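One letter stands for each residue in the lines below.
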Amino acid sequence: MKLCMIGTGYVGLVSGVCFSDLGNEVICVDKNLAKIKKLQSQIIPIYEPGLDELVKKNIKNKRLTFSNDLKNSIRKSDIIFICVGTPTKKGGSSADLSQIYGVAKELCSSLNKFKIIITKSTVPVTTGDEIEKILSRKNSKKKFSVVSNPEFLREGEAIRDFVYPDRIVVGSNDKRSNRILRNLYSPLIAKGAKYVHTSRRAAELIKYASNAFLATKITFINEIANLCEKININIDDISIGMGLDQRIGSRFLRAGPAYGGSCFPKDTKAITSTADKFKTNLSVIKSVIKSNDNRSKLLLKRVYEILNNKIKNKKISFLGVTFKANTDDMRDSSSLKMIPDLSKKGAIIRYYDPTGYKVEFKKNKNVEFAKSLTKCLEKTDLIIIHTEWNDFKSLDFKKFIKNKKTIIFDMRNLYSSQVMAKKKLNYFSVGRGLK
Ligand code: NAD
């Protein structure tokens, strides 16, 4: 099939490349010319394990091309996936749909034959109805079908998630496009992926409800971790004991920093805003948002306590700044709250992340990127483990720490308190009692 992915970000690029690997002809389009030029030269603009090889393979097989000519790419394709961003509206909590409607307007004047228009972007319920209205201004309804096919891939595991998804959700109000999409996904269905066909509005809501539920799970265990700290219980035991219940499941049940990234923060806000619009109150999700906003403040308070409120001139080594491991995505990472706060209070911060320097901290005083883990850990007062990169999971702290007073604050509970105590390391973690 001939596919066009509009928006070549984390979702559009990964799914476009994977669709081409399944034998389809795919054009990935982006309005960002620099990004397209990089991709045409086989340089991958994002960090995603395994993507590099797949891009090269499918460019070679002539199934994958990159372009910034939107109109022409639409004309050449049968199926159009909209994969542009849907960030939070400035100063509000609803989703900013300007990129989506911008694309819909472009599509409106480019429908030279029947096309299926699919929103892969996460869009609020009724967005598909609005796209349909825009397209109907210039086109007969026989010329297009608007479908919702939300994407569930996780950054860092994106290729695996695309190839072996738990489920494929397709929301279409007509049989023809459902048949075509089932056929497009047939190689994945043959490997065991569940195919869920539903109404367009239901598919749109399934995505938001899923993300809000996962965000709730993280926030729930973070609050239970707060309780554990007060009563000297190990949160890891609680996570194991709860997670073994198949109705609960162990994933997303590990205490740590606030949830971040490009999806959960904006999607939890957007779903509550949708509910407000339809005059119903999603009070559980609203309190999840509040609790998560408070999480970074709470962990910072722990840092102040650990340092006896003497932050000025303290040397802090910050390990990992992305919102999770195996991605370079900094959007809404809790490090964006913590590092500027500690810098304002006079700390001297060196950070290390396997995905390199981050422009986000350029303006913060006394914050510098360390080119290696060893450099980052040199002569330090406090080591904060913020992101659960494999690189940080089995560090020989004895080798790095020269000053016995150096403290380790492991916000991901990567190490055992008992083992660290035996090694006589000054170690703190989350949800395991104050020491
Ligand atoms: P992104 O910001 O990485 O990429 C979006 C791309 O769209 C950008 O490169 C931008 O230049 C391009 N774009 C915007 N307007 C355009 C236009 N008119 N024509 C061509 N290109 C245009 O975003 P993302 O992280 O890939 O997310 C895209 C959507 O998928 C969002 O709705 C997001 O919520 C959803 N989603 C993201 C993830 C994830 O892990 N990142 C997972 C599932 C769903």
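Here the structure is shown first, and the text comes after it.
These figures come from a predicted structure and were not determined experimentally.

What follows is about the site of the ligand. As a structural note, the neighbourhood of the ligand is formed by 24 residues, with Asp30, Lys35, Thr86, Glu155 and Lys266 the closest of them. At a separation of 3.0 Å, an oxygen atom of the ligand approaches a polar side-chain atom of Arg331. Listing elements by their share of the shell around the ligand, those giving two or more residues are helix 1 (10-21) and helix 5 (98-108). Of the residues assigned to the shell around the ligand, the class counts are eight nonpolar, eight polar and eight charged.

Our focus in this paragraph is the sheet that holds strand 10 (residues 348-352). If you trace the six strands from one edge of the open sheet to the other, you get 11-10-9-12-13-14, paired in parallel fashion. With partners counted over all chains shown, the strands left at the sheet margins are strand 11 (367-369) and strand 14 (426-429), one partner each. Sheet twist, expressed as the mean angle between neighbouring strand axes with direction ignored, is 20°. With five bridges connecting them, strand 9 (residues 315-319) and strand 10 associate as parallel partners. In the strand pairing of strand 10, Lys315 is matched with Ile348. Sheet contacts for helix 13 (residues 283-306): strand 12 (382-385), strand 13 (407-410) and strand 14; angle to strand 13, the most-contacted strand, approximately 165°.

This next bit is on a positive patch on the surface. A contiguous patch of positive charge, built from Lys398, Lys404, Lys423 and Lys424, is present on the exposed surface. Among the structural elements, Lys398 can be located in helix 16 (residues 397-400). Judged by its relative accessible area of 48%, Lys398 falls in the partly exposed class.

Rules of the game
- Residues numbered from 1 in each chain as written.
- Predicted model: local features only at pLDDT ≥ 70, side-chain atom pairs only at ≥ 80, totals over all residues.
- Heavy atoms only, no water.
- Near = heavy atom within 4 Å.
- Polar contact = N/O pair within 3.5 Å; in protein donor to acceptor, adjacent residues only side chain to side chain.
- Helix = DSSP H or I, 4+ residues; strand = E, 2+ residues; numbered from the N terminus.
- Nonpolar A, V, L, I, M, F, W, Y, C, P; charged D, E, K, R; others polar.
- Pairing = 2+ DSSP bridges.
- Axes fitted to C-alpha atoms, helices over the stretch in contact; angles between N-to-C directions.
- Contact = heavy atoms within 4.5 Å.
- Patch = residues over 30% accessible without salt bridge, like charges linked within 9 Å, V, L, I, M, F, W, Y side chains within 5 Å.
- Areas by Shrake-Rupley, 256 points an atom, 1.4 Å probe, with all protein chains shown as cover.
- Salt bridge = Lys/Arg side-chain N within 4 Å of Asp/Glu carboxyl O.
- Lys, Arg positive; Asp, Glu negative; His and termini not counted.
- Charge placed at Lys NZ, Arg CZ, Asp CG, Glu CD.
- Buried < 20%, exposed > 50% of the residue type's maximum accessible area, 1.4 Å probe, protein only.

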